[in-house]
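Coordinate analysis (summary)
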Amino acid sequence: MKATAKAHSNIAFIKYWGRKEEILRLPSNGSISMNLSNLFTTTTVEFNPSLHNDDILVNGERNNEINSRITKHLDRIRVLLQKKTYAQVVSQNSFAASAGMASSASGFAALTVAGVAAAGLQLSEKELSILARQGSGSACRSIPDGFVEWVDGNTSDDSYAHKLFDQSHWDICDIVTVISKEKKDVSTSMGQQTASSSIFFQTRLNNIVQKIHTCKELMKTRNFDEFGKLIEMEALELHTIMFTSWPSLIYLEPASLGVMKAVKRLREEGISAYFTIDAGPNIHIICLQKDIDHIEKRIKTIPGVLETIINNASRGSYLIDNHLF
Ligand code: PMV
């Protein structure tokens, strides 16, 4: 059976950085995110008994590093299926992969949902999230719809994401400011392993449970300015940990700083805009729908900004009928 899934990438408001268990990808702390309407992956999977290997094409390419992670994930599905049948996989992103736009999140979420359906298995949303997490941590947050929390958990079975609020709960936007489309030098998978070497890491963990609680309250009451302040400080905390880990991680580029300062200036002018940043140079500007045009116009004048991608909160992962082969 052939199955195709579409999965949306997500932006974390409270970040996952550091793991308490490497193999199962159990995070050091919980995290909170929003699925993004215009950054998504579409993936078709078919298990085919006549194949002698997995046949994997991602964005029109056969890349060994990516393909071996995909094969490992297909192996997890084959364990559930109790059959060693190889699969054909074709996957296409709506955006540049590996440049801090969470391509692994939407990629592994789409692969999980399509792979499980192609295997004829029926898993709950929680089970799909647990499975996606093992492919790429943040992928577990791209399974449920809307605004999502990943509870850290101490075992594989209790580390999964669930919906906090539907996508219609809050019409906030994420203007992704693209500064680089290059593959990053250090993958997040590697970066996650060095987080605990920062002297600030333990301080972060000491405060994170309270921070998650506050974030959820501010989202529930739609208190945009307090929420914006909290998530901007969280992004700066993440990059402080990255700067002070060894080997240090410097993902920001000069244009990233240009956008960050422009966001602060916009606030001085009375526009409610806040930034957040993942493991890459691109800056996510979180704002209200009514301010998009004004912010976009300003940001596009900053040297080094390649393009902007506007996103609303969206669904997570779902099956579709348009197969890629
Ligand atoms: O799932 P990974 O290993 O690609 O890690 C994602 C890490 C951050 O994007 C920096 C934060 C997050 O929670 O998405």
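Computed from a predicted structure; not experimentally measured.

A word on helix α6 (residues 224–243). Relative to the 28 Å expected for 20 residues at 1.5 Å per residue, α6 spans 28 Å between its end C-alpha atoms, a close match to the ideal helical length. Turning to α6, its buried residues number three or more, namely Phe 224, Phe 227, Gly 228, Leu 230, Ile 231, Glu 232, Glu 234, Ala 235, Leu 238, His 239, Ile 241 and Met 242. Contact partners of the buried residues in α6: β1 (2–14), β9 (172–178), α5 (201–220), α7 (254–268), β10 (273–277) and β11 (283–288).

In this chain, Trp 246 is followed by Pro 247 through a cis amide linkage whose omega measures -5°. Here Pro 247 is to be found in the loop between α6 and α7. If you check the backbone angles, Arg 25 has positive phi at about 55° while not being a glycine. Position of Arg 25 relative to the elements: it lies in the loop between β2 (19–21) and β3 (26–27). The phi dihedral of Gln 82 is positive, around 60°, even though this residue is not glycine. Position of Gln 82 relative to the elements: it lies in the loop between α1 (64–81) and β6 (87–93).

Once that is clear, we can look at the pairing of strand β4 (residues 31–47). Judged by how many residues are buried, β4 sits mostly within the fold: 14 of 17 residues are covered. Summarising the sheet, β1 and β4 pair through 11 bridges and their orientation is antiparallel. Bridged to Ala 3 within β4 is Val 45. Pairing of β4 with strand β7 (residues 147–151) involves 4 bridges; the strand directions are antiparallel. Its bridge partner being in β7, Met 34 is matched across the sheet by Phe 147.

Taken together, 13 residues surround the ligand, and among them Tyr 16, Ser 138, Arg 141, Thr 188 and Gln 192 come closest. Taking Tyr 16, its main chain carries an N or O atom lying 2.9 Å from an oxygen atom of the ligand. Gln 192 is positioned such that a nitrogen or oxygen atom in its side chain is 3.0 Å from an oxygen atom of the ligand. If the ligand stood free it would expose 380 Å²; the protein chains cover 95% of that surface. Of the residues belonging to the shell around the ligand, the class tally is 4 nonpolar, 6 polar and 3 charged. Here the shell around the ligand gathers at least three residues from each of two domains, domain 1 (2–167) and domain 2 (172–312).

Parameters and conventions
Residues numbered from 1 in each chain as written. Predicted model: local features only at pLDDT ≥ 70, side-chain atom pairs only at ≥ 80, totals over all residues. Heavy atoms only, no water. Helix = DSSP H or I, 4+ residues; strand = E, 2+ residues; numbered from the N terminus. Expected span 1.5 Å × (residues − 1). Buried < 20%, exposed > 50% of the residue type's maximum accessible area, 1.4 Å probe, protein only. Contact = heavy atoms within 4.5 Å. Pairing = 2+ DSSP bridges. Near = heavy atom within 4 Å. Polar contact = N/O pair within 3.5 Å; in protein donor to acceptor, adjacent residues only side chain to side chain. Areas by Shrake-Rupley, 256 points an atom, 1.4 Å probe, with all protein chains shown as cover. Nonpolar A, V, L, I, M, F, W, Y, C, P; charged D, E, K, R; others polar. Domains from an automatic or database assignment.

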